[in-house]
Amino acid sequence: MKITELDKQMMREAIRLASESVKNGGGPFGAVIVKDGKILAGCSNSVTIDNDCTAHAEVNTIREACRKLGTYDLSGCTIYTSCEPCPMCLGAIYWAHLDKIFYANNRKDAGRIGFDDDFIYEELDKPMDKRSTPIVQMLRDEALESFVAWEEKVDKTEY
């Protein structure tokens with residue numbers, strides 16, 4: 001895929017947000033979401049500022065973009081993030097239906113400064129009973145009731 005001058009400009013904004021975040025007490029991560037060549041949303045990491053372990057730059061930016069557009073579907077948008085998305089952020093990007101992902105630093109770069117997401121990727125490859133955090137399934141029959149209700153609901157909003 002060809003990288004355009006606009007792509008570089010948008011990535012530089014994500015990088016600027018990451019640097020600004022460090023100065024303001026946040027983590028060194030920034031992201032912008034672009035639609036039709038214009039920045040729709042831009043945020044940085046605020047995990048320690050907000051005491052929210054999900055407040056990664058990509059998630060914060062997705063939330064802002066969804067609020068601005070009034071939708072949970074960001075099809076037609078591109079995300080530029082200062083670092084390769086962690087598994088949580090990558091999942092959020094896929095759920096948001098973003099068209100493209102551009103990133104600057106990679107997860108190995110992040111690992112070298114103490115942000116090691118590789119263990120999560122490794123955990124996902126392990127069988128449930130071999131993971132470091134116990135995962136136990138229970139009350140499935142009771143929980144299936146809500147799935148049946150969803151399946152039968154005629155006026156649901158699919159996503």
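Look up a bit, the structure's there.
Here goes a summary of the coordinates provided. (Residues numbered from 1 in each chain as written. Predicted model: local features only at pLDDT ≥ 70, side-chain atom pairs only at ≥ 80, totals over all residues. Heavy atoms only, no water.)

## Observations concerning the environment of Y94
One can find Y94 in helix α4 (residues 87-96). Between the alpha carbons of Y94 and D73 there is a distance of 10.0 Å; along the sequence they are 21 residues apart. (Helix = DSSP H or I, 4+ residues; strand = E, 2+ residues; numbered from the N terminus.)

## Re the sheet that holds strand β4 (residues 100-105)
Either a parallel or an antiparallel arrangement is found when strands of a sheet pair, and the pairing is made through backbone hydrogen bonds. Spatially, four strands are ordered β2-β1-β3-β4 in an open sheet, and the strand pairing comes out mixed. Edge positions in the sheet fall to β2 (38-44) and β4, since each of these pairs with one other strand and no more. Ignoring strand direction, the axes of neighbouring strands in this sheet form an average angle of 15 degrees. Both strand β3 (residues 77-83) and β4 contribute to a ladder of five bridges, which runs parallel. Paired with I79 across the two strands is I101, which belongs to β4. Relative to β2, helix α3 (residues 57-69) is tilted by about 140 degrees, and along the sheet it contacts β1 (30-35), β2 and β3. (Pairing = 2+ DSSP bridges. Axes fitted to C-alpha atoms, helices over the stretch in contact; angles between N-to-C directions. Contact = heavy atoms within 4.5 Å.)

## Focus on helix α6 (residues 118-125)
Along α6, the residues that are buried comprise D118, Y121 and E123. Where the residues of α6 are buried, they touch α4 and α5 (107-112). (Buried < 20%, exposed > 50% of the residue type's maximum accessible area, 1.4 Å probe, protein only.)

## Section: the pairing of β1
Where a strand is regular, its side chains alternate between the two sheet faces. Judged by how many residues are buried, β1 sits mostly within the fold: five of six residues are covered. Pairing of β1 with β2, which is carried by six bridges, proceeds in the antiparallel orientation. Bridge assignment links A31 to a residue of β2, and that residue is C43. Hairpin connection, β1 to β2: the antiparallel pair is bridged by two residues, and D36 has positive phi, about 55 degrees. Alignment of β1 against β3, held across five bridges, turns out to be antiparallel. Among the inter-strand pairings, A31 is bridged to a residue of β3, identified as T81.

## Notes on the nonpolar core
Membership of the largest hydrophobic core comes to 17 residues, with the highest contact counts inside it found for I33, I62, A65, L74, C77, I79 and L98. Beyond its immediate stretch of four places on either side in the chain, C77 contacts I33, V34, K35, L40, L69, L98, D99 and K100. Counting eight residues, the second-largest nonpolar core is a separate cluster that includes M11, A14, V32 and Y80. (Core = buried A, V, L, I, M, F, W, Y, C linked by side-chain atoms within 4.5 Å.)

## What about the side chain of N60?
The residue N60 is located in helix α3 in this model. Here A55 takes part through its backbone oxygen, which lies 3.2 Å from a polar atom of the side chain of N60. The contacts of N60, once residues within four sequence positions are left out, are C43, S44, N45, S46 and A55. (Polar contact = N/O pair within 3.5 Å; in protein donor to acceptor, adjacent residues only side chain to side chain.)

## A closer look at unusual backbone geometry
Trans is the prevailing form of peptide bonds, just as negative phi is the prevailing case for residues other than glycine. With a phi angle near 55 degrees, D36 is a residue other than glycine that sits in the positive phi range. When you line up the elements, D36 lands in the loop between β1 and β2. One non-glycine residue, L139, adopts positive backbone phi at about 55 degrees.

## Some words on the packing of α3 against α4
Here α3 crosses α4 at 25 degrees, and the two axes come no closer than 8 Å. When the interaxial angle is binned, α3 and α4 end up roughly parallel. Considering how the two elements wind past one another, α3 and α4 form a crossing that is left-handed. Together, E58, V59 and I62 of α3 and M88, C89, A92, I93 and A96 of α4 make up the contact between the two elements. (Parallel < 35°, antiparallel > 145°, perpendicular 65-115°, else oblique. Left-handed = near helix turned anticlockwise from the far one by under 90°.)

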